[in-house]
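Now for the letters of each chain:
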Amino acid sequence: MTIEFNARLESIPYYPAADAYGDGRELVLLASNETPFTPAPAVREAIVARIGSLNRYPDPEKSELRARIAARCGVDASMVTVGNGSCEILLAAAQALLEPGAEVVFAWPSFSVYPQLAALTGAREVRVSLDREQRHDLAAIAREVTAATRLVLVCNPNNPTGTALPVAAIDAFVAEVPRHVCVIVDEAYVEFSTLQDPDESIDLVRRHPNVVLLRTFSKVYGLCGLRCGYAIGPESFRVACEKVRQPFTVNALAQAAATVAIDLQEEVERRVEQTAVERLHVVEELRARGLPVADSEANFCWVGLGGRDDRLVCDELARQGVIVRAGSALGGPGHLRVTFGTRDENERFLDALDAALAAVPAADA
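So, here's what we can say about the structure. The shown structure was predicted, so the numbers you read here are calculated from the model rather than taken from an experiment.

Focus: the packing of aromatic side chains
Thought 1: Using the criterion set out here, one finds 7 aromatic pairs in the structure.
Thought 2: When the ring of Phe106 is compared with that of Tyr114, the centres are 5.8 Å apart and the planes differ by 55°; the resulting orientation is tilted.
Thought 3: Residue Phe106 is classed as buried on the basis of its relative accessible area of 0%.
Thought 4: Note on Tyr114: relative accessible area 0%, which makes it buried.

See below:
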């Protein structure tokens, strides 16, 4: 006999993490939307200072970090949920909100964790196609909300397309959603958006008691390796999430680093500016090659390959030491998702792409 597992296990998709492989050369890692900027000196100092007390458990309430986030965002600390990356908060929200007979609605393609939420809980997922500009079709999403809907996910800017909607559009959308439905606005890349000030969306939480904003320290703050994210929403959301997850869920080094990082807004602005410069450069170069690129408000772009097999193009790029994400793994065959790196990394990608496009013919060629 073998171990008998939960019947839902077969329906739970693996998260499609990027493979990093090469032939010994230094790799250009443009697959996971990491920032090329290392943690700021003050953040590194905070990490080092905390190492000597790692024989003690981290603060289970994340009190200092929650207080700093609250002060930065102008909300009460009771409204701040901190997690082991924003993904943990998503998974906790699913456990707290969803069950068999309930529904979760989200656009597709979007963040690869979303399909796990229904599979984990036995709820029904409802996927809504993006519009022609690769953006969320909020009107179509609103039409799918029913009495059974418990959770709606709006990824803004959207991963993997990088497209974004103005806060006013989301505000109008939420006003149509019944109050019993939790609307999570996933803003992992909000700092990179030029549509409006990132702080503007915080008003959504003040205006709508069923809205939760989800953010992370993994992207612009450069703390992927420590896994720390946060949500801003009603206190009841935080309490529910705490009930369904393990204790001591955010490690001490992550708490120390994020507590300092949240106040380094000048550094954030510098990183965003440099990323915007590289975004403009890479997108212009891709379009000059005749490739369609969605309008990105993130630190990555979504590139059409003109009928080429995205997996073969990724393999060709990897042979040259450049790692990007195949759209097939993200719900968008025939595309690549490419993170913006340094200028040198971006130039190496563009050179490698030219060779890969030449090596992989279009399907109708």
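On we go.
Some thoughts on helix α4 (residues 114-121)
Thought 1: Of all the 8 residues making up α4, 7 are buried; the element is thus mostly covered by neighbouring parts of the structure.
Thought 2: Listed in full, the buried residues belonging to α4 are Tyr114, Pro115, Gln116, Leu117, Ala118, Ala119 and Thr121.
Thought 3: Contact partners of the buried residues in α4: α3 (86-97), β3 (103-108), β4 (124-129), β5 (149-155) and β6 (182-186).
Thought 4: Just downstream of α4, Gly122 is the residue with a positive phi angle, here 85°.

Digging into the packing of helix α11 (residues 310-319) against helix α12 (residues 343-359)
Helix-helix packing: each pair is described by the crossing angle between the helix axes and the interaxial distance.
Thought 1: Axis separation between α11 and α12 bottoms out at 9 Å; the angle between their running directions is 130°. If you check the angle between α11 and α12, you find them oblique. Our pair here, α11 against α12, has a crossing hand that is right-handed. Facing α11, whose interface residues are Val313, Glu316 and Leu317, α12 presents Phe349, Ala352, Leu353, Ala356 and Ala359.
Thought 2: Tallied by class, the residues present in the contact of α11 with α12 amount to 7 nonpolar, no polar and 1 charged.

Side note on the pairing of β5
The side chains of a regular strand alternate between both faces of the sheet.
Thought 1: Burial analysis of β5 places 6 of its 7 residues in the buried class, which makes it a mostly covered element.
Thought 2: Bridge count between β3 and β5: 4 bridges; the pairing is parallel. Of the residues in β5, the one forming a bridge with Val105 is Val152.
Thought 3: Note that the unit made of β5, helix α6 (residues 167-176) and β6 has a crossover that is right-handed.

Thresholds applied
- Residues numbered from 1 in each chain as written.
- Predicted model: local features only at pLDDT ≥ 70, side-chain atom pairs only at ≥ 80, totals over all residues.
- Heavy atoms only, no water.
- Phe/Tyr/Trp six-rings, centres within 6.5 Å; stacked < 30°, edge-to-face > 60°.
- Buried < 20%, exposed > 50% of the residue type's maximum accessible area, 1.4 Å probe, protein only.
- Helix = DSSP H or I, 4+ residues; strand = E, 2+ residues; numbered from the N terminus.
- Contact = heavy atoms within 4.5 Å.
- Axes fitted to C-alpha atoms, helices over the stretch in contact; angles between N-to-C directions.
- Parallel < 35°, antiparallel > 145°, perpendicular 65-115°, else oblique.
- Left-handed = near helix turned anticlockwise from the far one by under 90°.
- Nonpolar A, V, L, I, M, F, W, Y, C, P; charged D, E, K, R; others polar.
- Pairing = 2+ DSSP bridges.
- Right-handed = clockwise from strand over helix to strand, strands pointing away.

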